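Architecture at a glance
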Amino acid sequence: MKAITIKNKASIEKMRIAGQKLAGIIASIKDLIVPGVSTWEIDHVIEQKMRTEGLKPECKGYGTYKHATCISVNDVIVHGIPSKEIILKSGDFVKIDVVGSYKGYCADMARCFFVGEANPKAVKMAHVAQQALDNAIRKISPGVRLSDISACIQQIVEKEGYGVVRYFAGHGIGKDMHEAPDVPNHGKPGQGPVLQEGMTLAIEPMITEGKYDVHILEDGWTAKTVDGGLAAHVEDTVLVTKNGVEILTRMENS
């Protein structure tokens with residue numbers, strides 16, 4: 001297993017700036033998520049805002065990926081490719097995932113959006129995913145085992161009758177968008193590495209309305225539920241601090 005990088009103050013500050021800028025951008029695009037807009041347009045606006053703020057869109061050019069964001073609609077769990085052909089309609093459930101770096105250090109976040117008249121099923125799913133994320137983050141502090149985070153997410157999600165995706169996981173983050181360790185959304189508590197001050201992690205519950213199995217489309221990116229059920233995805237980048245945790249991808253006053 002690769003070593004988990006401990007960040008110094010300078011690295012942390014760059015990640016903090018990246019996270020604050022990214023959170024501000026995602027908060028600013030809520031009014032853009034309306035019926036009739038394409039996911040390509042949303043991606044284009046986010047990329048322009050990122051570049052204006054001095055952020056590098058890390059997803060663009062990652063492998064064969066050509067966009068600044070992943071925009072996943074309804075039964076797409078993650079890695080939905082923005083497209084001029086995907087036009088949002090009322091009732092759609094949208095998840096936007098984005099990684100931005102500032103002076104070489106990354107922040108990663110995902111948020112849920114509802115188009116027009118919100119689908120009540122989607123609203124409930126988003127609430128449960130957010131609750132799982134928030135509760136898991138509250139568990140973070142030095143000395144905690146990594147799998148305590150995973151177990152917390154699984155317990156909350158499955159108690160509400162949803163599936164927990166196994167195929168993907170959260171991860172460490174810093175100079176690279178994906179670093180050690182993997183942070184699964186399921187598992188038994190009390191296992192894995194012990195968290196230390198200066199570690200930075202991307203925590204990201206991915207939950208499904210039905211089966212948790214994943215179907216990857218021929219494009220090699222788009223991950224859908226196998227049964228056509230809805231999926232929710234939320235994510236924050238966090239810093240393990242001396243006394244607990246700091247969420248880098250939420251506005252300071254939120």
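So, how was this worked out
- Residues numbered from 1 in each chain as written.
- Predicted model: local features only at pLDDT ≥ 70, side-chain atom pairs only at ≥ 80, totals over all residues.
- Heavy atoms only, no water.
- Axes fitted to C-alpha atoms, helices over the stretch in contact; angles between N-to-C directions.
- Helix = DSSP H or I, 4+ residues; strand = E, 2+ residues; numbered from the N terminus.
- Parallel < 35°, antiparallel > 145°, perpendicular 65-115°, else oblique.
- Left-handed = near helix turned anticlockwise from the far one by under 90°.
- Contact = heavy atoms within 4.5 Å.
- Expected span 1.5 Å × (residues − 1).
- Buried < 20%, exposed > 50% of the residue type's maximum accessible area, 1.4 Å probe, protein only.
- Arc of directions from axis to C-beta.
- Pairing = 2+ DSSP bridges.

1. Quick look at the packing of helix H3 (residues 120-138) against helix H4 (residues 146-159)
Remark: H3 packs on H4, axes separated minimally by 9 Å, with the N-to-C direction vectors making an angle of 150°. Of the possible angle classes, the one that applies to H3 and H4 is roughly antiparallel. For the crossing formed where H3 meets H4, the hand is right-handed. Of the residues in H4, those in contact with Val128, Gln131, Ala132, Asn135 and Ala136 of H3 are Ile149, Cys152, Ile153, Ile156 and Val157.

2. Some points on helix H2 (residues 39-52)
The end-to-end C-alpha distance of H2 is 20 Å, a good match for the 20 Å that 14 residues give at a rise of 1.5 Å each. Along H2, the residues classified as buried are Thr39, Ile42, Asp43, Ile46, Glu47 and Met50. Down the axis of H2, the buried set is contained in an arc of 130°. They therefore lie on one face. Check the buried side of H2 and you find it contacts helix H1 (9-28), strand S1 (56-57), strand S2 (69-73) and strand S4 (93-102).

3. Remarks on the sheet that holds strand S12 (residues 223-225)
Read across the open sheet, the 3 strands follow the order S3-S12-S11; overall the sheet is antiparallel. The sheet is open, and its two borders are formed by strand S3 (76-78) and strand S11 (214-216), each paired with just one other strand. For this sheet, the mean angle separating the axes of adjacent strands, direction not counted, is 45°. Sheet analysis places S11 next to S12, joined by 3 bridges and oriented antiparallel. Among the inter-strand pairings, Val214 is bridged to a residue of S12, identified as Thr225.

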